[in-house]
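Each chain is listed here by its residues.
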Amino acid sequence: MIKKTLLVLVILGSFNSCVVVKEYEKVYLNDPDMVLADKKINKFETSFQVYREAASGANGGKSGGGCGCN
Amino acid sequence: MKKQISILVLMISFYGFSQNATNTYTKRVLENTEVDLISSFYGQDGDNAAVTGGIGTEKLTDIASTITVSIPLNANDIFTIDATISAYSSASSSNLNPFDASGASRGGDDDDEEDDNKSAKKNVAGRVNGSPWVESSGASKGDVWVNGDIGYSHSSENRNSIIGANVSFAKEFDYTSIGLGGNFTKLFNEKNTEIGLKANIYMDSWQPAYPTEIISYKEVNNNLNDGFFEGVDILDQKGSIINKTGNTVWSPFNTSLVENKSRNTYSASLSFSQILSKKAQISIFLDIVQQNGWLANPMQRVYFGDRANYYIGNASSISNYTSSKNTDVFQLADDIERLPDTRFKIPVGARLNQYINENIAIRTYYRYYTDDWGMKSHTASIELPIKFSLGKFTLYPNYRFYNQTASDYFAPFESHLSSSDYYTSDYDLSKFNSHQYGLGFKYTDIFAKLKVFKFGLKSFDLRYSYYDRSDGLQASIVSAGIKFVMD
């Protein structure tokens, strides 16, 4: 567990060394297909996965509750 | 005194100066009102229905629609309203009362579950039958789920922090949910780094519905010659009619039903996003979820391997009970599923999106999940947006892999022991893996030239996915979405 935590911290720390991207350089990053979240069109697909599978959450959306599902 | 007044005037003048100095143009968080409409059709089939104890048809169809309206209240604030309606028809849910399809209870069905239970006594002895493989006609065969969500978000002037809150309500025939949530996002490092915090509480409650034979048994005070059971033959494993006043008769293992009808969920989420380059960004999510209350589904039957089996229906079909050839005999349940009243879940996920060139990007996602019911799972997905005609059209081939270990409380049909504290035969809690293949299509018009009243069409989405689970469950879903922007 400690090793995993250290690994995550090292990875996070390494991000700080990344070059800072200016606002005017974010043309690709601002593309809707680059959004770091589930797309709206996937709403019902994600719902059926929540019903049919035990795992849910950690995708920027709902992580449980609100339905009689698992 | 003069000095004090001078200092005050000086300070006020500084304030006024600073106001003018920061009076620069700030882009509105949302320029115009946006409306998103999404509809979907979902269908599935399989052989492991949880309502009938882990065997039986899982045929289900669902039609759902949602509308989301996002309204900019001013340059910094957005108000969002979301309404969803979902109507399903489920063969396995219909078998909450599997005896509906039998002769006498068919005619004049008013879709009232209570009357359906009582109507069985009108049947001629031996004519009452049902099967886990045949859809019944009772009230529970379909339902409508409605959901409403209202949200508000405020962005700071420099757009480096966002705070939001939402309330939600959901209702279906046996379940009600009220949710409250709050979130806070902080951007820094020239908006290259983002940290988000989110908390939600769902205060849910069951209006429990039970398998017909179990609730009827309780209603008639264990008298198998009264109510639902009056005039109905009960058969043993050999197909012989039992003496209902004898010593060896069918009875539910546990006649205490749902004692605590509440189910509360508390979740906290932490997210971290980082721009890696002009063409790549990553995010990491950690959720912590605690659930308390009645976490089992009272509709779902369990059959124990160490208790005698009893049936209603055609004696000659008992030998084929677990086969889909069985259309006219139903095994009486030993109990409803029982699960612990707490559950602690930890999912950890990450997204990595990379722009390859003008036409292709890669969207990837991975999640590891663990909980204190003994379940662990891995989810991995990849999507490849391919743009045509300068981004006007996009294709989205995608693939998703999922696997999970079984819950400590899962066992198949007739495999549980009655000495266990907790038991379920719900295959959604079993060990399996699944593959999902999909293709999406999107039309985008950044100028929203096509008008419908005051709204311009910004984009149109169409998506199809096929889901194949290792236990035989197969599903398909088609979703269509339209986004409008108000002029």
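Residues numbered from 1 in each chain as written. Chains lettered and ligands numbered in written order. Predicted model: local features only at pLDDT ≥ 70, side-chain atom pairs only at ≥ 80, totals over all residues.

With that settled, the discussion passes to the overall build of chain A. On a plain count of helices and strands, chain A comes out with two helices and zero strands. Per-residue burial for chain A yields a buried fraction of 46% across its 70 residues. (Helix = DSSP H or I, 4+ residues; strand = E, 2+ residues; numbered from the N terminus. Buried ≥ 20, exposed ≤ 12 C-beta atoms within 10 Å, placed from the backbone.)

Along its length, chain B carries five helices and 22 strands. Out of the 487 residues belonging to chain B, those deemed buried represent 39%. The contacts in chain B between residues at least 6 apart in sequence include a share of 67% that link residues at least 24 apart. (Contact = placed C-beta atoms within 7 Å.)

All right, on to helix α2 (residues 43-52) of chain A then. An α-helical segment advances 3.6 residues per turn. Residues three or four places apart therefore align on the same side. Summarising burial for α2(A): eight of the 10 residues are buried, a large majority. For α2(A), the complete set of buried residues consists of K43(A), F44(A), E45(A), S47(A), F48(A), Q49(A), V50(A) and R52(A). On its buried side, α2(A) packs onto β1 (34-45), β2 (60-72), β21 (455-469) and β22 (474-486) of chain B.

Our next topic: the environment of T342(B). All names here are of chain B. By the secondary structure assignment, T342 is in strand β14 (residues 342-355). Given 12 C-beta atoms within a 10 Å radius, T342 is considered exposed. For the pair T342 and A64, spaced 278 residues apart in sequence, the C-alpha to C-alpha distance is 31 Å. Residue contacts for T342: discarding those within four places in its chain leaves Q291 and N292.

Taken together, the contact between chain B and chain A spans 67 residues of the former and 37 residues of the latter. In terms of residues, the side of chain B that touches chain A owes the most to one element, strand β8 (residues 262-277) of chain B, which gives 10 residues. Each residue belonging to the side of chain B that touches chain A can be placed in one class, and the counts come to 23 nonpolar, 29 polar and 15 charged. (Nonpolar A, V, L, I, M, F, W, Y, C, P; charged D, E, K, R; others polar.)

Another point: the nonpolar core. Residue and element names in this part refer to chain B. Membership of the largest hydrophobic core comes to 52 residues, with the highest contact counts inside it found for I214, I234, V302, Y311 and I312. Residue assignment for this core shows that the elements contributing at least two residues are α5 (212-219), β11 (311-313) and β12 (329-331). Broken down by element, the residue count for this core peaks at three residues, all from α5. Filtering out sequence-adjacent residues up to four positions away, I214 remains in contact with P252, A333 and I336. (Core = buried A, V, L, I, M, F, W, Y, C linked by C-beta atoms within 7 Å.)

Residues and elements named next belong to chain B. In the sheet, strand β5 (residues 161-172) pairs with strand β6 (residues 175-188) via 12 bridges, with the strands oriented antiparallel. Residue A170 lies in a different strand from β6, and its bridge partner there is S177. Here β5 folds back onto β6 in antiparallel fashion, the turn holding two residues. With 14 bridges connecting them, β6 and strand β7 (residues 193-206) associate as antiparallel partners. Paired with N183 across the bridge in β7 is K198. With antiparallel pairing between neighbouring strands as the criterion, β6 and β7 make up a hairpin whose turn holds four residues, including N189 at a positive phi of roughly 60 degrees. (Pairing = 2+ DSSP bridges.)

This part takes up the environment of W373(B). Note that W373(B) resides in the loop between β15 (361-371) and β16 (376-383). The residues contacting W373(B), other than those within four sequence positions of it, are R343(B), S407(B), D408(B) and Y409(B).

What follows is about unusual backbone geometry. All names here are of chain B. Positive phi values are uncommon outside glycine, yet E190 reaches one of about 55 degrees. Inspection of the secondary structure assignment puts E190 in the loop between β6 and β7. With phi around 60 degrees, K191 is a residue other than glycine that occupies positive phi space. Topologically, K191 is positioned in the loop between β6 and β7.

Residue and element names in this part refer to chain B. Tracing the chain through its elements places N225 in the loop between α5 and β8. By the C-beta count within 10 Å, which is 12 here, N225 ends up exposed. C-alpha of N225 to C-alpha of T245: the two residues are 20 residues apart in sequence and 8.2 Å apart in space. Setting aside its immediate chain neighbours within four residues, N225 contacts E230 and K244.

Residues and elements named next belong to chain B. Of the residues in chain B, 89% reach a pLDDT of 70 or more, and the chain-wide mean stands at 89. Segment residues 8-22 is flagged for pLDDT under 50; beyond a separation of four residues in sequence, or across chains, it makes zero contacts in the model. Note on residues 101-126: pLDDT is under 50 here. Beyond four places in sequence and across chains, it has 58 contacts. In the predicted assembly, ipTM is 0.86 and pTM is 0.86. (pLDDT = per-residue confidence, 0-100.)

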